[in-house]
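# Chains, contacts and geometry: an overview
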Amino acid sequence: MKRTELLSRILVITGILIVLAAPIAARAIGAQGVIEVHGRIAESGGWTPSTIRVQAGMPIHLRLTSDDVMHGFAIGQSDTPAVDVLPGQVTEITLTFDKPGTYAYYCTRWCGPNHWRMRGIIEVTGEEPVSPQVTTPPLYLMLNLDIDAPHPASVTLDRIPDAQYGEQFSALLPAAYLTPDYYRSHSPAQIYLDLRADPALVSLAGSDIWDLVAYIWLSNTTPEGLAEGQRLFAQNCAACHGETGGGNGVFSANITALAGKTPANFSDPAITLGASPALLQGKILRGGMGTGMPSWGPLFTDQQTWDLVGFLYTFQFK
Ligand code: HEC
Ligand SMILES: [Cu+2]
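Please read these numbers as outputs of a predicted model, since none were measured by experiment.

### A short note on the site of ligand 1
The environment of ligand 1 is formed by 25 residues, the closest being His-151, Cys-237, Cys-240, His-241 and Met-293. Within the side chain of His-151, a nitrogen or oxygen atom sits 2.8 Å from an oxygen atom of ligand 1. Within the side chain of Lys-283, an N or O atom sits 3.4 Å from an oxygen atom of ligand 1. Counting residues per element, the shell around ligand 1 draws most heavily on helix H11 (residues 277-286), which supplies three residues. Per-class residue counts for the shell around ligand 1 are 17 nonpolar, six polar and two charged.

And the structure:
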């Protein structure tokens, strides 16, 4: 064998060895990214660890298990599907966060009245600076709304306003009332009063005006948005607020005992017709401090909160 030939063979073999070794090395790095996460009901401490630190772009492998009852695991504002976390079993998931920032993770199974307190944080660090708050503040802050002030509707109707019936009067309706800006910043009761005072609508009876109010709501929703709102409500809200919004979900008695406040009854027109979308969204984002109403800001996207708001009015509008 010539010398050069030998040399080139050695080079080839080294090359092959490097190629073979690379995945092994990568797996070794990955192994450090394995984190065991234990779930326990909130009263026993919730998630351990409750803060997970990770590098942007680096996969982390979570081994999820429960120390008591069945829990679920999901990441807020993300498309990653929720997984179940069962006692005596390990559920493995791999996550990669591309952008530095803070992400919330939470339990998706109703494990007890304090279930919604089962939350944790994933801190993602990286070269790239934490993405600056490009998002505008939520509408209730822009409008300077005091979302804690009582807001009973000053006018209501003795039957459910019917959006489809209202549509027949829509030709009379000045277009400005249909804009999202107007819809989101006015409660149905305020819209009723505005329409009642509008010269364009003097020919209509009070009940017709209410049907128009429902029509304005329907025009600002989509069937997909209402379906998503319904799904989110059933999953996250019904246990307190009740399947039909009556404030009487399976946990409402516990919440009343714990927090001294009963979950809002959306089937009461005085409550729901007196609240603007901006106010409802504000309550959903921020939660009711100390009242047992969780804050959902870190968990839902902006669109999801508006979908929920649109859905809440289905307890009042047909
Ligand atoms: C753990 C129980 C609980 C859960 C879960 C819960 N809520 Fe509530 N919610 C409450 C309580 C209690 C209040 C009343 C707070 C008060 O009176 O200040 C409330 C109030 C509200 C209000 C304010 C109503 C008003 O007119 O002032 C809105 C809106 C609301 N909840 C929406 C939701 C939505 C949407 C969800 C699900 C994403 C949800 N809630 C989940 C307990 C809960
Ligand atoms: Cu749980």
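There is more to say after this.
### Some thoughts on the sheet that holds strand S7 (residues 91-95)
Strand order across the open sheet formed by four strands is S2-S1-S4-S7, with mixed pairing between neighbours. The outermost strands of the open sheet, each flanked by one partner alone, are strand S2 (47-48) and S7. Sheet topology note: the strand S4 (residues 60-66)/S7 ladder contains five bridges and is antiparallel. Note on S7: the bridge partner recorded for Ile-60 is Leu-95.

### Here we look at the packing of helix H7 (residues 223-236) against helix H12 (residues 302-312)
Where H7 contacts H12, the axes come no closer than 7 Å and their chain directions differ by 90°. On the basis of the axis angle, H7 is roughly perpendicular to H12. Across from Gly-225, Leu-226, Glu-228, Gly-229, Gln-230, Arg-231, Leu-232 and Phe-233 in H7, the residues of H12 making contact are Gln-304, Asp-307, Leu-308, Gly-310, Phe-311 and Leu-312.

### Notes on the pattern of salt bridges
Taken as a whole and judged by the stated rule, the model has nine salt bridges. Between Asp-162 and Lys-318 there is a salt bridge; the shortest N-O distance is 3.7 Å. Residue Asp-162 is located in the loop between helix H2 (139-142) and helix H3 (163-166), and its partner Lys-318 is located in the segment after H12; the two are separated by 156 residues in the primary sequence. Overall, Asp-162 belongs to the buried group, its relative accessible area being 17%. It is possible to trace a salt-bridge network through shared partners that takes in Glu-36, Arg-63 and Glu-92.

Reading guide: rules and limits
Residues numbered from 1 in each chain as written. Chains lettered and ligands numbered in written order. Predicted model: local features only at pLDDT ≥ 70, side-chain atom pairs only at ≥ 80, totals over all residues. Heavy atoms only, no water. Near = heavy atom within 4 Å. Polar contact = N/O pair within 3.5 Å; in protein donor to acceptor, adjacent residues only side chain to side chain. Helix = DSSP H or I, 4+ residues; strand = E, 2+ residues; numbered from the N terminus. Nonpolar A, V, L, I, M, F, W, Y, C, P; charged D, E, K, R; others polar. Pairing = 2+ DSSP bridges. Axes fitted to C-alpha atoms, helices over the stretch in contact; angles between N-to-C directions. Parallel < 35°, antiparallel > 145°, perpendicular 65-115°, else oblique. Contact = heavy atoms within 4.5 Å. Salt bridge = Lys/Arg side-chain N within 4 Å of Asp/Glu carboxyl O. Buried < 20%, exposed > 50% of the residue type's maximum accessible area, 1.4 Å probe, protein only.

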